[in-house]
Structure formats: C-alpha cells, structure tokens
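If you want the building blocks of each chain, they are given just below.
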Amino acid sequence: MSGSWKRSEHFIDGDWYTPAAGELLAIENPATGESIGTAARGGREEVDLAVEAATRAWPGWSATSPAQRAEALGALRDALGARSKELVDLTVAELGVPVTFAENVHVPLALGDLDAFTRDVRDFPFEERIGNSLVLKESAGVAGCVTPWNYPLHQMAAKVGAALAAGCTVVLKPAELTPLAAYALAEAACDAGLPPGVFNVVFGSGRVVGDALTRSPGVDVVSFTGSTAVGTSVAEVAAGDVRRCLLELGGKSASVALPDADFEAATRWTVRSATVNSGQTCSACTRLIVPRSNHADVVAYAGELAAGLRVGDPLDATTDLGPVVSARQRETILGFVERAVANGARVEPAGTGDLPDRGHYVRPAVVSGTHPFSEIAQEEVFGPVLVVLAYDDEDEAAAIANSTRYGLSGAVWSADAGRATTFARRLRTGQVDVNGGQWNFSAPFGGYKQSGTGRELGPHGIADFCEIKSIQL
Ligand code: NDP
C-alpha cells in the first residue's frame, strides 16, 4: 500500500482540473486516525463547470446506441478491474475495512454492478409498442449523483453505471470521508476512453458541493444515497423545481425466523449481516425477530458469535471487523448502546476483548430485553449492533418487522421456502432474502417508506434515469 495519496484536482470535461485557489481536504485513516493524503475541496464554481461539461456532452452520449453504451460500460469495468489491487488498498486505507472484505466484497460488488449494467443495457426495452402507441424510454438528461462513504465504490458504480446505461451524462459528488475511490473511478473513465464531459467528479463537502449540485438548474435528475435527514432536504429542493429525485436512504431491516426455521443458520447469517463492514451497511438486518420460546437461546448464540468476531487491524487477514469510519460515527454508535442499557436493555458480549488503542473501533453488540418500539429497535445505528426481539405468533412477527419508519431490506427463515416466501410478501420492504438467498446484481434495490424512492441496479435502475414518451401512431 502506498499509504499516501496527494490529490488536489477535480475531473471535469475529460480532464483533471485544479482550481487556482482550491482548498484541500485531509483524508484520515480510521484505523489510526492519521492523515493519509489529500483530496480537492471544491465549490459552486466547479459544480457549474462540471454541469456545463455534462450538458455539452449529453446530445452525443444520449444519441449512442445501447450496444455502444454497453461497450463503453464494459471498458469502464475492465479499466476499474485492472486497478483491483489499488482499489483494495485505498478502500482499506480510507474506510478501514478488513483487507479480505475489501477484496471479497467491496471491489467485486462494484465490478459486478458494471458487469450487470453492461449486460442489462443490451436487452433493456428502450422502445415498446402498446396498442397504437410507440412508447420510448429516453435518457432523462444530466444526472447529479451524491454518494456516501459506506461502500464507496459500489455506491458510485450503482449510480454512474445506471445513468450512463440510460444515456445520461453524470456529475458525481463522492463523500468527503472516502474520496479516493472516486479518483480511481475517474482514472478508469479516462482509460476506458469515455468521451469528455460524459462523466465528471467534483470533490467537496455535501453542504457546499452536494447542495450546489442538487440545486443546479442544469441537473435533470438527482440521485442521492445517504441519511434520511439529508435525503429529505435534497427531495425538498428537487420538489421546488419538480426535478426527478431518486433516494436511497437508511434502514432498520428485520430478519424473521419462523417457528420451523434453522435458528442456528438464521442467527449466524443475521449476526454477519448486522456486523460486516463494521455494521455500516444500509441494508443490514439489524433486528432478529424470533419465537419467544427460542429467544433466550438465540440471544446466547448471537452473543457467542459476536464475541468470536476479531476486531482490529484491517491489514491483518484474520480480522473480521475494522474500525468504524470516523470518531463521530463511533460516538453515535456508543451513544445508542449506552441509552439502550440505561433503559434496561441487556448487551452481550459484555465488554470482552481488547481494542486497539487508536482508531475508531467499536465492539459488536447483541442487544436484548428491549421493546420493539425502543430507540435501539427503531433507529438506524449504523454500527455493529444487533437487536434480538421476541414474537408470539406470525402476525406479531410481521407487525414488529413492519413497525419502523424504514423499509429497505429483510430476511425470512423457514424449513418451508414457500411459507417463507408467503411471509416475505407481508413485509413492507424493497428486498427480502429467503433462507439467505443470494445477491442478484440485476434485481432492483431500494426502499419502501422512509428508506427512499426509486430503485437502483439492473433494468429498474436504468429505467429510473429515463423519461417516458408515448407516440400515438
Ligand atoms: P449524509 O446523508 O450526511 O451524507 C451522504 C452524502 O450526502 C455525502 O456525500 C454527503 O457529503 C452528502 N451531503 C451531505 N449534506 C448534503 C446536502 N445538504 N446536500 C447534498 N448532499 C449532501 O450521511 P453521513 O455520511 O453523514 O452518514 C450519517 C448517517 O446516514 C449514517 O449514520 C447512516 O445512518 C446514514 N447513511 C446511510 C447510508 C445508506 O446507504 N443508506 C449510507 C451512509 C450513511 P459529505 O459526506 O461530503 O458531507
């Protein structure tokens, strides 16, 4: 790992652009708290330049055929794939995830997203006949994309891949905490030969650059992933101009074990779901809902599994959990757990194992003895914290699962997959895994309720970057 990245430029109109008097952002390694380099910190001026470049590039890019865009996306994927080693290094350095998780999940997820868009755009129904009408799905225009820090590469690939596939040109604003992945994506776009202006990146804070981008009159569609609080304000701004706005927000997803489930398998899967990436996963199942008669055993087993997770140096191949992304995130997580304990909840394992003496480390926690409507059971903690809740019958299990303001993801466990699927239909949530069902890169991903609007990935993700026109013949 190089250990130091010194960047000061934005990527605008196919070229690197360093403002004459640009500020720099220090990038911190969450595992040590030390600075590992710099990134550019732009303002409204860079946003305007990037949106103008994307606007100029749009007529040409939107006129390309799906096959040409598939070729370009394939080239982008290959250029990114050629950087896999570097991508692992920078993801570990800026996010603090274990090297094995960066290798096995972060990088393959982003490459898989682009692979899927490359396939899906070829078969996408850009035109269909409905009776006497020719119905067209046309590129919506310039896309302003704002991404979070938790899966930096994947979040960017999911938005940028879909937008480019639809024929949109893109201005991306990556999270300030994890800008290095966006530099790598821009370098890959150069190598892939994307035409100037088709893909642009402006680095900087959400408050300045994110706000300017989502307000820019030149942006036709805003795609935002992050907290529900910021997403709400982005949606309000977009509503003022009746601008298309796609939101991927928080979650408090439930994993429900029906009475005939394999409780050990359900518990193992759910502990992993709640704790990987140090619990910083929007679709994590952070509530495990089990029959009352199994509750005590499940809590004990989940506590045992959590105690066995190795928290420490991300560069050690045996580490399960690295630090969380920032000191602020750590304080937020610990605050949730402390308030739960103060309100009578139990936490296991109880403070076992040493943590490194620097960096933003948090022990995984399994919380029980709390009400389904308590804060810890309702709010997104975004840390390695699992709440185990009890139900008396399936109606109550569904009611508890659906009781939060979120509806992003979920899981159901049963010896009978048909029974689990019937139960899955009752969940007010955008995706459900039955008995640990496999990730599907072409399946729509997104939320009900306050988890968002619109869908990412696959054909549904492409469709959200399109306008629809019907021509009556
Ligand atoms: P934010 O919602 O603050 O940030 C997400 C993105 O939005 C970042 O790029 C951020 O920029 C940008 N942003 C911030 N303010 C604005 C604004 N006014 N206009 C436009 N863009 C803006 O999330 P955080 O990173 O602070 O995380 C806080 C919480 O959000 C987490 O604890 C978690 O609950 C949730 N979250 C959910 C995610 C999900 O995938 N659903 C992902 C990440 C977080 P910058 O960071 O540079 O300021």
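Note: the structure precedes this text.
Owing to the predicted nature of the structure, the values given are computational and were not obtained by experimental measurement.

Draft legend 1. The arrangement of the sheet that holds strand β14 (residues 285–291) in detail. Spatial strand order, β15-β16-β17-β14-β13-β18-β19: seven strands in an open sheet with mixed pairing. This sheet does not close on itself; its edge strands, each paired only once, are β15 (346–348) and β19 (433–434).

Draft legend 2. Representation of the site of the ligand within the structure. In the vicinity of the ligand lie 28 residues, with Trp 149, Lys 173, Ser 227, Leu 249 and Glu 380 positioned nearest. In this structure, Ser 227 approaches the ligand through a side-chain N or O atom, which is 2.7 Å from an oxygen atom. For the ligand, whose accessible area on its own is 860 Å², the fraction buried by protein is 85%. Of all elements in the fold, only α7 (206–215), β11 (221–225), α8 (228–240) and α11 (327–342) reach the threshold of two or more residues within the shell around the ligand. Looking at the shell around the ligand element by element, the count peaks at three residues for α7. Here the residues of the shell around the ligand sort into ten nonpolar, twelve polar and six charged.

Draft legend 3. Looking closely at the pairing of strand β5 (residues 35–41). Most of β5 is tucked away: five of the seven residues are buried. Two strands pair when backbone bridges link them, and strand β1 (residues 5–6) and β5 are joined in this way by two bridges, in the parallel orientation. Paired with Lys 6 across the two strands is Thr 38, which belongs to β5. Linking strand β4 (residues 23–28) to β5, which pair antiparallel, is a turn of six residues; within it Gly 33 sits at a positive phi near 80 degrees.

Draft legend 4. Up close: the pairing of strand β8 (residues 142–146). The element β8 is largely enclosed, with a buried count of five among its five residues. The side-chain alternation of β8 yields two buried faces, one formed by Val 142, Gly 144 and Val 146 and the other by Ala 143 and Cys 145. Relative to strand β9 (residues 169–173), β8 is paired through five bridges, and the arrangement is parallel. Pairing of Gly 144 across the sheet is with Val 171, part of β9. As a crossover connection, the stretch from β8 through helix α5 (residues 152–166) into β9 is right-handed. The sheet contact formed by β8 and β11 spans four bridges and is parallel. Counterpart to Cys 145 in the pairing with β11 is Ser 223.

Draft legend 5. A look at the pattern of salt bridges. Considering all chains together, one arrives at 27 salt bridges under this definition. Here Asp 115 and Arg 77 are joined by a salt bridge, their closest N and O atoms 2.9 Å apart. Taken together, the residues span a long stretch of sequence, with Asp 115 in helix α4 (residues 99–123) and Arg 77 in helix α2 (residues 66–81) at a distance of 38 residues. A relative accessible area of 28% places Asp 115 in the partly exposed class. When its relative accessible area of 21% is taken as the criterion, Arg 77 is described as partly exposed.

Quick notes on the rules
Residues numbered from 1 in each chain as written. Predicted model: local features only at pLDDT ≥ 70, side-chain atom pairs only at ≥ 80, totals over all residues. Heavy atoms only, no water. Pairing = 2+ DSSP bridges. Helix = DSSP H or I, 4+ residues; strand = E, 2+ residues; numbered from the N terminus. Near = heavy atom within 4 Å. Polar contact = N/O pair within 3.5 Å; in protein donor to acceptor, adjacent residues only side chain to side chain. Areas by Shrake-Rupley, 256 points an atom, 1.4 Å probe, with all protein chains shown as cover. Nonpolar A, V, L, I, M, F, W, Y, C, P; charged D, E, K, R; others polar. Buried < 20%, exposed > 50% of the residue type's maximum accessible area, 1.4 Å probe, protein only. Right-handed = clockwise from strand over helix to strand, strands pointing away. Salt bridge = Lys/Arg side-chain N within 4 Å of Asp/Glu carboxyl O.

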